[in-house]
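As a plain string of letters, each chain reads:
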Amino acid sequence: MKTVIDRYIREEMFPHIWCPGCGNGIVLGAIIRAIDDLNWDRDKIVAVSGIGCSSRITGYVDFCTMNTVHGRALPFATGIKMANSDLKVIVIMGDGDCLAIGGNHFIHAARRNIDLTAIIINNMIYGMTGGQYSPLTPTTKFGSTAPYGNIDQSFDLCELAIAAGASYVARGTIFDPRQSTSLMKKALDKKGFSVVEIISDCPVSYGKMNKIKSPIDMLKWIKDITVSKKAWEGLSPDEKKEKYAIGEFLSKDRPDYTELYEEIIKKAQETGGNK
Amino acid sequence: MNNLKKKKNIKLLQGNEACAEGALLAGVKFFAGYPITPSTEIAENMARKLPKIGGKFIQMEDEIASMAAVIGASIAGLKSLTATSGPGMCLKQENLGFAIFNEIPCVVVNAQRGGPSTGLPTKPSQGDMMQARWGTHGDHPVIALAPSTVNEILTLTIKAFNFSEKYRTPVILLLDEVIAHMREKVEMPAPEDIEVINRKKPTVPPEEYLPFKPDEDGVPPMANFGEGYPYHITGLAHSEKGLPISDSQQIDHFIRRIHDKIQKNIKDILIYEKYLLEDADTALIAYGSVARAAERTVKLAREKGLKVGLLKLITIWPFPDEIINKLAHKVNLIIVPEMNLGQIVLEVERASQGKCRVVPYGRVDGELINPIEILGKIQEQEEIKK
Amino acid sequence: MKQKKLLEVHQNNSVKISVRREWCKSCGICIEFCPKDVLVPDDQLKPIPENIDACIKCGLCELRCPDFAITVEGVEEKDE
Ligand SMILES: Cc1ncc(C[n+]2csc(CCOP(=O)(O)OP(=O)(O)O)c2C)c(N)n1
Ligand code: SF4
Ligand code: SF4
Ligand code: SF4
Ligand SMILES: [Mg+2]
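Residues numbered from 1 in each chain as written. Chains lettered and ligands numbered in written order. Predicted model: local features only at pLDDT ≥ 70, side-chain atom pairs only at ≥ 80, totals over all residues. Heavy atoms only, no water.

Draft legend 1. Focus on the overall build of chain C. Helices and strands together make up the secondary structure of chain C, namely 2 helices and 5 strands. Of the regular secondary structure in chain C, the N- to C-terminal order runs β-β-α-β-β-α-β. Residues classed as buried in chain C amount to 49% of the 80 residues present. The contacts in chain C between residues at least 6 apart in sequence include a share of 45% that link residues at least 24 apart. Carbon and sulfur atoms make up 47% of the accessible area of chain C, which amounts to about 4,700 Å² in all. (Helix = DSSP H or I, 4+ residues; strand = E, 2+ residues; numbered from the N terminus. Buried < 20%, exposed > 50% of the residue type's maximum accessible area, 1.4 Å probe, protein only. Contact = heavy atoms within 4.5 Å. Areas by Shrake-Rupley, 256 points an atom, 1.4 Å probe, with all protein chains shown as cover.)

Following this line, the structure appears as structure tokens:
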């Protein structure tokens, strides 16, 4: 019998390239299950990614898919969505892809509230290039370019998305893929710019450099550093520093960019305008 | 009634405005850009005119994003345009390479200004000729056109779209500050007189579609996203199916094929004009706004009894090697005036294969080269010969 | 297209657990986090549902497998 997954993947591409225990595969599974639950017309689904281990996801699913360049997935997706607003456009990025090289595009996509769903696989490291620190590497943790510990303060991706104007913002984990799927479903269904951050693992880089020995230990670690949104609110500021809140942080309605542009088209056509 | 002569529709247009008009005539439906002198009027025109025809305009956060959005919109089925100048053109390069490698049609305008760096924002230059050829990394083909009048900006913008759709490749339109901002009379073609080319669509069912498998002309049919043909696009070396590969033979074949599709069709792509070259012993080779001055120089030289002619290059890339080689066999001297320190002159030298002397004449001070200077260069060379 | 999979199927009258061995990368996640200790590692550290009768069909092994290598299906009671 074909599983849900079998119905969506490009089987010839498997086994995939990711390392044993890498969270990218778990996130891919969660995305596929969310899409399947929504029962969308497959011909109208487009998945766009940047560059990184996580961005390889687009090669594995049989939609219209595009593995673009490092950091720029969102503007590519913006062009696609503007050109054909009937398409459901999902953008999958790594933490570095989304918030280092692509940080500017991220805040502007949120500001415009363009109807895209951004799924960010946050393994807190540059996996593909071998474990350099990213803007989401926690302070004091190690990376190949932070051999003495990271002194940078990391972004809170969700807070950034909210401040920049996104319509839906949530955070899940690979430890709880069921919750991740349900958050993704809500995000995919939301009109406007929706964001789901998934706390993930990179056992070979982050794990090794930060003395978390195995994929199993990484999952346990993810369980330890995450708390429900409600529990998070009861924590002291010091306790909060060590933890990530999990759940839905924002769901609001605001006209999305493509709708607003339809208004522009109406205006331009009605007024005839100054030539 | 049909015998009534069609009234010519003459308009006074600025170069950038003519570019926008040409794009509309060619069927542009999407523009993404970021303001920069001397290209901004193209964006402003597009912002005003695109929504009137149901098209879309978006001002992105930078030129990288603009280029990305243009590629995305093209994949989703719209003819797409972006316009910029030197600093912005630098930012577009990585995505331009992505579009070339994935054979995504689009038109990129570079209204050249003095460089390097911020340089001379309001002064003309032809300093980006080699950037147009080699700006993005890796071996790649490119089509670049250089108009020299406002009328040509209009007609070549249409051509640029047609080439991009026909050959599934980005086309660069190289303006310079002078012709971008100059106002001239333009003969507006009637829409029915314009040839508009649209990308080939697949004729096979989705299961059989290979997005990078070429037809005989070297160009693969292109399914737009959302049309029921799921496939993958990647900047990684890819198979005909669009999936990443590491097989060296397939990679070699792919990269040669995207070059070949341009070379094979070079006769269709090469546009140039010859002026008084029949009996010439000295040829000027010029392009863009400098070609205007060079044409005037030819007249002045002829008045003085000098046998000078002009080859005006319009298609810059691919380079017209053969045409220049033939010319080099006929004349004793080729002078290449250009607003840079010698970019196209090196290509002319290469194409001439030592059959005649090739002499550069360059200016990089932001001033337009004038006919008298070029004449002076011709006379100086005459002196040397004696 | 039918591809020969190294598919190992274990079944009792309530559940069917399949392991696609060529895709499994022996990460151990399914084994470690199975709430009922259904799975045990074989010599290649790939899961064998040795205690299949204890399986509660929670599906966690399938959802957490990064390689889509293990699936759990309920078996319909069929009366023939
Ligand atoms: C313009 C550019 N700069 C740098 C790189 C090299 N590079 C590839 S992936 C990557 C980082 C990936 O990190 P992340 O986005 O977190 O993805 P991950 O691999 O961790 O999933 C970098 C720096 C690149 N491909 N392009
Ligand atoms: S390097 Fe890290 S992120 Fe990349 S595939 Fe391996 S485990 Fe995953
Ligand atoms: S379904 Fe649940 S109980 Fe059964 S094997 Fe998987 S994890 Fe264990
Ligand atoms: S989780 Fe998947 S890949 Fe890991 S051991 Fe179990 S079946 Fe194999
Ligand atoms: Mg990462």
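Draft legend 2. Structural context of the pattern of salt bridges. All names here are of chain B. Scanning the entire structure with this criterion turns up 43 salt bridges over all chains. The residue E17 makes a salt bridge to R183 at a minimum N-O spacing of 3.6 Å. Taken as a pair, E17 in helix 1 (residues 15–26) and R183 in strand 9 (residues 183–188) lie far apart in primary sequence, 166 residues in all. Salt-bridge contacts for D217 lead to K200; the nearest nitrogen and oxygen are separated by 3.0 Å. With D217 in the loop between strand 9 and strand 10 (232–234) and K200 in the loop between strand 9 and strand 10, this pair connects stretches of sequence that are 17 residues apart. Overall, D217 belongs to the partly exposed group, its relative accessible area being 30%. K200 gets classed as partly exposed once you look at its relative accessible area, which sits at 28%. (Salt bridge = Lys/Arg side-chain N within 4 Å of Asp/Glu carboxyl O.)

Draft legend 3. Main features of the interface of chain A and chain C. In this complex, chain A contributes 28 residues to the contact, which on the side of chain C involves 23 residues. Between chain A and chain C lies a buried interface of about 2,200 Å² when both sides are counted; carbon and sulfur atoms form 63% of it. When residues of chain A are sorted by the area they lose upon contact with chain C, R33, R178 and I216 of chain A head the list and together hold 22% of the total. The tally of links between chain A and chain C comes to 3 salt bridges. Residue E32 of chain C is joined to K220 of chain A by a salt bridge in which the shortest nitrogen-to-oxygen separation is 2.9 Å. Linking chain A with chain C are 8 residue pairs in polar contact (both at pLDDT 80 or more), by the criterion used here. Listed by contribution, the elements that provide at least two residues to the side of chain A that touches chain C are helix 1 (23–38), helix 6 (177–189) and helix 8 (215–225) of chain A. Tallying contributions element by element places helix 1 of chain A first for the side of chain A that touches chain C, with 5 residues. For the side of chain A that touches chain C, the class distribution of residues is 18 nonpolar, 5 polar and 5 charged. (Buried area = accessible area lost by both parts, 1.4 Å probe. Polar contact = N/O pair within 3.5 Å; in protein donor to acceptor, adjacent residues only side chain to side chain. Nonpolar A, V, L, I, M, F, W, Y, C, P; charged D, E, K, R; others polar.)

Draft legend 4. Quick peek at the coordination of the magnesium ion (ligand 5). Residues and elements named next belong to chain A. Of the protein atoms, only D95 (OD), N123 (OD1) and I125 (O) coordinate the magnesium ion (ligand 5), at distances of 2.0 to 2.1 Å. Sequence spacing among the residues donating to the magnesium ion (ligand 5) works out to D-x27-N-x1-I. Within this pair, whereas D95 is found in helix 3 (residues 95–101), its partner N123 is found in the loop between strand 4 (117–122) and helix 5 (157–164), the two being separated by 28 residues in sequence. (Donors = N, O, S within 2.8 Å, 3.2 Å for Na, K, Ca; no water.)

Draft legend 5. Seen up close, the site of ligand 3. If you check the shell around ligand 3, you find C34, P35, V38, C55, I56, K57, C58, G59, C61 and V72 of chain C and nothing else. A per-class count over the shell around ligand 3 returns 8 nonpolar, 1 polar and 1 charged. (Near = heavy atom within 4 Å.)

Draft legend 6. Highlighting the site of ligand 4. Around ligand 4 sit C24, K25, S26, C27, G28, C30, P47, C65, P66, D67, A69 and I70 of chain C, and that is every residue in its neighbourhood. Here the shell around ligand 4 is built from residues that sort into 8 nonpolar, 2 polar and 2 charged.

Draft legend 7. Fine view of the packing of aromatic side chains. Using the criterion set out here, one finds 17 aromatic pairs over all chains in the structure. Judged by centre distance (5.2 Å) and plane angle (80°), the ring pair of Y209 of chain B and Y229 of chain B falls under edge-to-face. Taken together, the residues span a long stretch of sequence, with Y209 of chain B in the loop between strand 9 and strand 10 and Y229 of chain B in the loop between strand 9 and strand 10 at a distance of 20 residues. Accessibility assignment for this pair places Y209 of chain B and Y229 of chain B in one class, buried. Site record: aromatic cluster; members linked through ring pairs are F14, W18 and Y60 of chain A together with W23 and F68 of chain C. Sitting above the plane of the F254 of chain B ring, R257 of chain B keeps its charged end 5.1 Å from the centroid. Positioned over the ring face of W23 of chain C is R20 of chain C, at 3.8 Å from the centre of the ring. (Phe/Tyr/Trp six-rings, centres within 6.5 Å; stacked < 30°, edge-to-face > 60°. Lys NZ or Arg CZ within 6 Å of the ring centre and 35° of its normal.)

Draft legend 8. Region of interest: the pairing of strand 4 of chain A. All names here are of chain A. Of all 6 residues in strand 4, 6 are buried; the element is thus mostly enclosed. Covered by surrounding structure in strand 4 are T117, I119 and I121 together with A118, I120 and N122, the residues of both alternating faces. Here strand 3 (residues 88–94) runs beside strand 4; their pairing, made up of 5 bridges, is parallel. From the neighbouring strand, I90 faces strand 4, where its bridge partner is T117. (Pairing = 2+ DSSP bridges.)

Draft legend 9. A look at the state of the cysteines. Evaluation of the coordinates by the stated rule reveals 0 disulfides over all chains. C106 of chain B provides the cysteine sulfur closest to C64 of chain A, a residue in no disulfide bond, and the two sulfurs are 18 Å apart. According to the relative accessible area criterion, C64 of chain A is buried, its value standing at 4%. (Disulfide = S-S within 2.5 Å.)

Draft legend 10. Structural detail: the sheet that holds strand 15 (residues 333–338) of chain B. Residue and element names in this part refer to chain B. Strand order in the open sheet formed by 5 strands is 11-13-12-15-16, and the pairing between neighbours is mixed. A single partner strand is all that each edge strand has here, and the edge strands are strand 11 (272–275) and strand 16 (357–362). Recorded for the sheet is a direction-independent mean angle of 20° between the axes of neighbouring strands. Two strands pair when backbone bridges link them, and strand 11 and strand 13 (residues 308–313) are joined in this way by 4 bridges, in the antiparallel orientation. Paired with Y272 across the bridge in strand 13 is L313. Sheet contacts for helix 11 (residues 321–330): strand 11, strand 12 (282–287), strand 13 and strand 15; angle to strand 13, the most-contacted strand, approximately 170°. (Axes fitted to C-alpha atoms, helices over the stretch in contact; angles between N-to-C directions.)

Draft legend 11. Representation of the interface of chain B and chain A in the model. In this complex, chain B contributes 43 residues to the contact, which on the side of chain A involves 43 residues. Put simply, E262 of chain A and K56 of chain B hold a salt bridge, and the shortest N to O gap is 3.8 Å. If you look at where chain B meets chain A, you find 14 residue pairs in polar contact (both at pLDDT 80 or more). For the side of chain B that touches chain A, the secondary-structure elements that each account for two or more residues are helix 2 (40–49), strand 3 (56–59), helix 3 (63–75), helix 4 (86–101) and strand 10 of chain B. The element that contributes the greatest number of residues to the side of chain B that touches chain A is helix 3 of chain B, accounting for 8 residues. Tallied by class, the residues present in the side of chain B that touches chain A amount to 24 nonpolar, 10 polar and 9 charged.

Draft legend 12. Region of the structure containing the sheet that holds strand 1 (residues 7–11) of chain C. Residue and element names in this part refer to chain C. In space, the 3 strands of this open sheet follow the order 1-2-5, with antiparallel pairing throughout. Lying at the two open borders of the sheet, with one neighbouring strand each, are strand 1 and strand 5 (70–74). Along the sheet, successive strands turn relative to each other by an average axial angle of 15°, direction set aside. Pairing of strand 2 (residues 15–20) with strand 5, which is carried by 5 bridges, proceeds in the antiparallel orientation. Pairing of V15 across the sheet is with G74, part of strand 5.

Draft legend 13. How the structure looks around the domain arrangement of chain B. Residue and element names in this part refer to chain B. Per the domain assignment, the segments of chain B are domain 1 (9–193) and domain 2 (274–385). Each of domain 1 and domain 2 was reduced to a C-alpha centroid, and the two centroids are 27 Å apart. With both sides pooled, the region where domain 1 packs onto domain 2 buries about 1,900 Å², and carbon together with sulfur makes up 56% of that total. If you sort the residues of domain 1 by the area they bury against domain 2, Q126, M129 and M130 come out on top, with a joint share of 32%. At the junction of domain 1 and domain 2, the tally comes to 3 salt bridges. (Domains from an automatic or database assignment.)

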